[in-house]
Amino acid sequence: FFSPYYKDIIFNHYESDNIALISNGMLFTSENWSFLEKRYHNISLEVSIDAINPDTYKKLRGGDMYRLRKNMEFASRLRMQNKLNKLSISFVIQVDNYREMIDFVDYGNSIHADFIHFMKLNSWGHIPSNEFIQMDVYDERNIHHKEFVNILKNPIFLGSNVHVDNIGNFIGRK
């Protein structure tokens, strides 16, 4: 969220005291925070993470998990001090990361995330159908689908701050 283009919008053109940021978290540092807190009174942050294992994170997001965790610890401290109004983390579920979902909830709780959101992988037509089925554990044709459904039965997903897209379809809830 601190590319030159968005930085210009955030600090020169956005006309509100409130802002909700969606970020990969890599630039959520104390230096960048100082710019934000001077400009806005109510700041919410959602960080797209998609993994908890550093190798998975590197594969899916191309980033440094240790750097991200340092920035998330900073965000967590801001949240605990009520300087950050809301802290959310998100995770797009796919074959490379679905086994990390339980640990991701634990991580979200450890950083005091207000909202831990798991989202279904979507096809935008950029991946051939047969490849997408191999990536999408929501799809019953995926060889990992049953294991994914069993993971969703863990009571950790019933936490009030946890949301899993379409979970009711798999565990008998509506």
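Residues numbered from 1 in each chain as written. Predicted model: local features only at pLDDT ≥ 70, side-chain atom pairs only at ≥ 80, totals over all residues. Heavy atoms only, no water.

1. Quick notes on the packing of helix α1 (residues 4-13) against helix α2 (residues 30-39)
Interhelical geometry of α1 versus α2 gives an angle of 30° and a closest axis separation of 10 Å. In terms of orientation, α1 and α2 fall into the roughly parallel class. Taking contact as the criterion, the partners of K7, I10 and F11 in α1 are, on α2, N32, F35, L36 and R39. Of the residues that constitute the contact of α1 with α2, the class distribution is four nonpolar, one polar and two charged. (Axes fitted to C-alpha atoms, helices over the stretch in contact; angles between N-to-C directions. Helix = DSSP H or I, 4+ residues; strand = E, 2+ residues; numbered from the N terminus. Parallel < 35°, antiparallel > 145°, perpendicular 65-115°, else oblique. Contact = heavy atoms within 4.5 Å. Nonpolar A, V, L, I, M, F, W, Y, C, P; charged D, E, K, R; others polar.)

2. Digging into the pairing of strand β4 (residues 115-120)
In this sheet, β4 lies alongside strand β3 (residues 86-93) in parallel orientation, the contact comprising six bridges. Bridge pairing in β4 links F91 to F118. As for the winding sense of the linkage, the β-α-β connection from β3 through helix α5 (residues 101-110) to β4 is right-handed. Two strands pair when backbone bridges link them, and β4 and strand β5 (residues 162-164) are joined in this way by three bridges, in the parallel orientation. Bridging from a neighbouring strand, H117 pairs with H163 of β5. (Pairing = 2+ DSSP bridges. Right-handed = clockwise from strand over helix to strand, strands pointing away.)

3. Concerning the nonpolar core
Side chains that are nonpolar tend, in soluble globular proteins, to be buried together. Ranked by internal contacts, the top residues of the largest apolar core, which has 46 residues, are I49, I93, F118 and F157. The element contributing the most residues to this core is helix α4 (residues 65-80), with six residues. With residues up to four places along the chain from it excluded, the contact list for I49 reads Y57, R61, M65, L68, M72, I89, S90, F104 and Y107. (Core = buried A, V, L, I, M, F, W, Y, C linked by side-chain atoms within 4.5 Å. Buried < 20%, exposed > 50% of the residue type's maximum accessible area, 1.4 Å probe, protein only.)

4. A closer look at the packing of aromatic side chains
In the structure shown here, the tally under the stated rule is seven aromatic pairs. Their ring planes at 45° and their centres at 5.9 Å tell us that F28 and F74 sit as a pair that is tilted. Taken together, the positions of F28 in the loop between β1 (18-23) and α2 and F74 in helix α4 put the pair 46 residues apart, joining distant regions of the chain. Measuring from ring centre to ring centre gives 4.8 Å for F91 and F104, while their planes differ by 55°; the resulting arrangement is tilted. On the criterion of sequence distance, the pair formed by F91 in strand β3 and F104 in helix α5 is long-range, its members being 13 residues apart. A relative accessible area of 0% places F91 in the buried class. (Phe/Tyr/Trp six-rings, centres within 6.5 Å; stacked < 30°, edge-to-face > 60°.)

In short, geometric facts, not functional conclusions.
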